[in-house]
Amino acid sequence: MGQPQQPDQAEAEEAGTPGAGTGAGTWPAGLAGGAGRPPLRVGMVGYAFMGAAHSQGWRTAGRVFDLPLSPVLAAVCGRDRDAVRAMADRHGWATTETDWRALVTRDDIDLVDICTPGDSHAEIALAALAAGKHVLCEKPLANTVEEAEAMTAAAEEAQARGQVAMVGFNYRRVPATALARRMVAEGRLGALRHVRVTYLQDWLVDPEFPLTWRLRKESAGSGALGDLGAHIVDLAQYLAGEPVIGVSALTETFVRERPLPAGASSGLASTGGSTARGAVTVDDAALFTGRFASGAIASFEATRFATGRKNALCIELNGERGSLAFDLERLNELSYHDHTEPGAHAGFRRILVTESDHPYLDAWWPPGHGLGYEHTFVHQARDLIHAVAAGERPAPSFADGLQVQRVLAAVEESAEKNSVYTPTAV
C-alpha cells in the first residue's frame, strides 16, 4: 500500500480498455510532495465533467489548506489516447493510461479516484482495493445494491489494512450545508419533524436530446433517481443525522425514445442525434415520501424536466425549536428560523456563510467573498487526505453510499408496486 450530474459522451469511454499509456514517469517540477510533506499520489479513472471537477479539487487543496500529505496528480486514465492526453495537459496530470487495470496496479499510485459511469464503479473499486490503494468513488456508489454491498465489504476489509474508501457526495462540503449539520447536531432545531428536498434540472426537456449513456439503465443504473436523487437522499440523511427507513414512490419517463448520438457530447450539450432512435430505459423524474428512524417525515423530488431550473437543489428542515433552509443556487447562504424567539420579531434570517469560523472558510477569503461549486471538490480532497493520513474511516464511507443505494432500490420497488410503502433494507 502507498502513502497514507450530467451526460457526456466521453464519460462513457472513461473506464478505459487494454492499451498502452504513457505510464509511470518522472513528474514535472512542482508535482512531487510539497513543503516537506509526504506525497499522496493520485490516479484518476475518467476525464470528462467529473474528472475535471475532481482535478480542480486535487490540484487546489494543498495550495489552500495545511495538509499532512501533498496531493500529486500522478496519472489519469481514459480509452481515447488523444483526449486523455489533452485533458492531462489541461489539468496538470503528469502521465496517462488507456487501461484502468494498468493504472490501479502502478507502484507510483497511492489512491484511485473513480469518475466513470456507474456500471464500472464496482469493478474498478474492488480491483483498486485489492491492489492496496485508497479509493474515492463518485456517487452513486454503484448501480445495484449487490454491487454496493460487495464494495462496502471490500472497503471494510481494506480499512483493517490501513486503506480508506470514500464516496463522493460533494454537496456535504458546501460550507452552508456543513454549518447546517453543525446546527442540527447542536440541537438548534430540537426534534426533527419535516424534511423537504427537491433537485430540479431541465437539460432533458428537448425530446431530440440524444440517447447518451445516462439514459441507458445498463450504464447509469437509473435516471434522475440515481443522478440527482442519490445526492438529495444523502444530503437529507447527513443533515438529519439519521437514516431514511422507508419510502412511498412514483417515477415517470416522459420521453421514451430519443435519437442515437451522432457524435461527441460535452457537459450538458451535444452535437446532435442521428435519424435512428433508441429506447430510454431510465426514469426522467422521481417523486417519493419517506420516514426517518426518529419518526420525522420527508418528501423528495428529482427531475431533469423542470423547465427553467438548471441546478436547483433545495432542502428545508423543520424541527420543534426552529427551521433551516438551503438553496444550492445561492450556496453561500443559509436561512435559519429560531422558533424560541418571541413571535413579534421572529422569522427566517439570512446567514451569509463566509465567516472564518464557518466550516472550511478559515483557509479562504475575507468575510463576504463567496465560494462556488468547484470548491466542494477542494474540500472533498482536503477531508479525504486527512482521513488517509490518520488512517481513519472517511465520511461519507462506502457504507454510507450503500445506505443511499438501499433507499434508491426501495424507491424503485415502491414505484413498481404503485407507490406502496416499502421499508429500506438494513
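Residues numbered from 1 in each chain as written. Predicted model: local features only at pLDDT ≥ 70, side-chain atom pairs only at ≥ 80, totals over all residues. Heavy atoms only, no water.

As for the overall build of the protein chain
Applicable threshold: Each helix corresponds to a stretch of at least 4 residues labelled H or I by DSSP, and each strand to a stretch of at least 2 residues labelled E; elements are numbered beginning at the N terminus. Classification of residues uses two cut-offs on accessible area relative to the type maximum, computed with a 1.4 Å probe and protein chains only: under 20% is buried, over 50% is exposed, and between them is partly exposed. The Shrake-Rupley method, run with a 1.4 Å probe, gives the accessible areas here. Residue values count only the displayed protein chains as cover.
Within the protein chain one finds 10 helices and 19 strands. The buried share of the protein chain, reckoned over its 426 residues, is 57%. Only carbon and sulfur atoms are counted for the fraction: they give 51% of the accessible area of the protein chain, which is about 16500 Å².

Re the confidence of the model for the protein chain
Selection criterion: For every residue, the predictor reports its confidence as pLDDT, a number between 0 and 100. Residue contacts are defined here by distance: any two heavy atoms, one from each residue, within 4.5 Å place the two residues in contact.
Per-residue pLDDT for the protein chain averages 91, and the proportion of residues at 70 or more is 89%. Predicted confidence for residues 1–14 stays below pLDDT 50, and this span has 79 contacts to residues more than four positions away or in other chains. Across residues 23–32, confidence stays below pLDDT 50; counting only partners more than four residues off in sequence or on other chains, it has 20 contacts.

Observations concerning helix α10 (residues 398–416)
Cut-off, in case you're wondering: Helix span, expected: 1.5 Å multiplied by one less than the number of residues in the helix. Between N or O atoms, a polar contact is any pair within 3.5 Å; within protein, one atom must be a potential hydrogen donor and the other a potential acceptor, and residues adjacent in sequence are included only when both atoms are from side chains.
With 19 residues, α10 extends 27 Å between its outermost C-alpha atoms, agreeing within 8% with the 27 Å of an ideal straight helix rising 1.5 Å per residue. Here α10 has its buried residues at F398, G401, L402, Q403, V404, Q405, R406, V407, L408, A410, V411 and S414. The backbone nitrogen of A399 lies 3.2 Å from a side-chain oxygen of the residue at the head of α10, namely S397. At the C-terminal side of α10, N418 shows a positive phi close to 55°.

Observations concerning the sheet that holds strand β1 (residues 39–45)
Going by this rule: DSSP calls a pair of strands paired once it identifies at least 2 bridges connecting them. Fitted lines through C-alpha atoms serve as axes, helices being fitted only where they are in contact, and the angles separating the N-to-C directions of these axes extend from 0 to 180 degrees.
Strand order in the open sheet made by the six strands is β3-β2-β1-β4-β5-β6, with parallel pairing throughout. In this open sheet, the two edge strands, each paired with only one partner strand, are β3 (95–97) and β6 (165–168). Between one strand axis and the next, the sheet turns through 25° on average, direction left out of account. Strand direction decides the pairing type here: β1 and strand β2 (residues 70–77), joined by seven bridges, are parallel. For V45, the partnering residue across the bridge sits in β2 and is C77.

A few points about the nonpolar core
Operational definition: The term nonpolar core refers to a set of buried residues drawn from Ala, Val, Leu, Ile, Met, Phe, Trp, Tyr and Cys, joined through side-chain atoms within 4.5 Å.
Ranked by internal contacts, the top residues of the largest apolar core, which has 112 residues, are W58, L334 and F398. The greatest single-element share of this core, amounting to 11 residues, is contributed by helix α8 (residues 224–240). Setting aside chain neighbours within four positions, we find W58 in contact with L40, V42, P71, L73, W93, L111, D113, L136, A381, L384 and I385. By size, the runner-up hydrophobic cluster in this structure holds nine residues, among which are F209, L211, V280 and F305.

Focus: the pattern of salt bridges
Rule in force here: Whenever a carboxyl oxygen of Asp or Glu lies within 4 Å of a side-chain nitrogen of Lys or Arg, that contact is scored as a salt bridge.
This model, assessed by the stated rule, comprises 26 salt bridges. Across the pair R393 and E156 runs a salt bridge, and its minimum N-O distance is 2.8 Å. Taken together, the residues span a long stretch of sequence, with R393 in the loop between α9 (375–390) and α10 and E156 in helix α5 (residues 145–160) at a distance of 237 residues. We note a salt bridge from R196 to E316, for which the minimum N-O separation is 3.5 Å.

A few points about the sheet that holds strand β16 (residues 322–327)
Spatial ordering of the open sheet is given by β18-β17-β16-β15-β7-β14-β13-β8-β19, a layout of nine strands whose pairing is mixed. This sheet does not close on itself; its edge strands, each paired only once, are β18 (349–352) and β19 (422–423). The sheet strands contacting helix α6 (residues 175–185) are β16, β17 (333–338) and β18, and the helix crosses β17 at an angle near 25°. Those strands touched by α10 are β8 (244–252), β13 (285–292) and β19, and its axis lies near 50° from that of β8.

Section: unusual backbone geometry
In this chain, K139 is followed by P140 through a cis amide linkage whose omega measures -20°. Secondary-structure assignment places P140 in the loop between β5 (134–138) and α5. Here the amide bond leading from A395 into P396 is cis, since omega sits at 0°, within 30 degrees of zero. Along the chain, P396 falls in the loop between α9 and α10.

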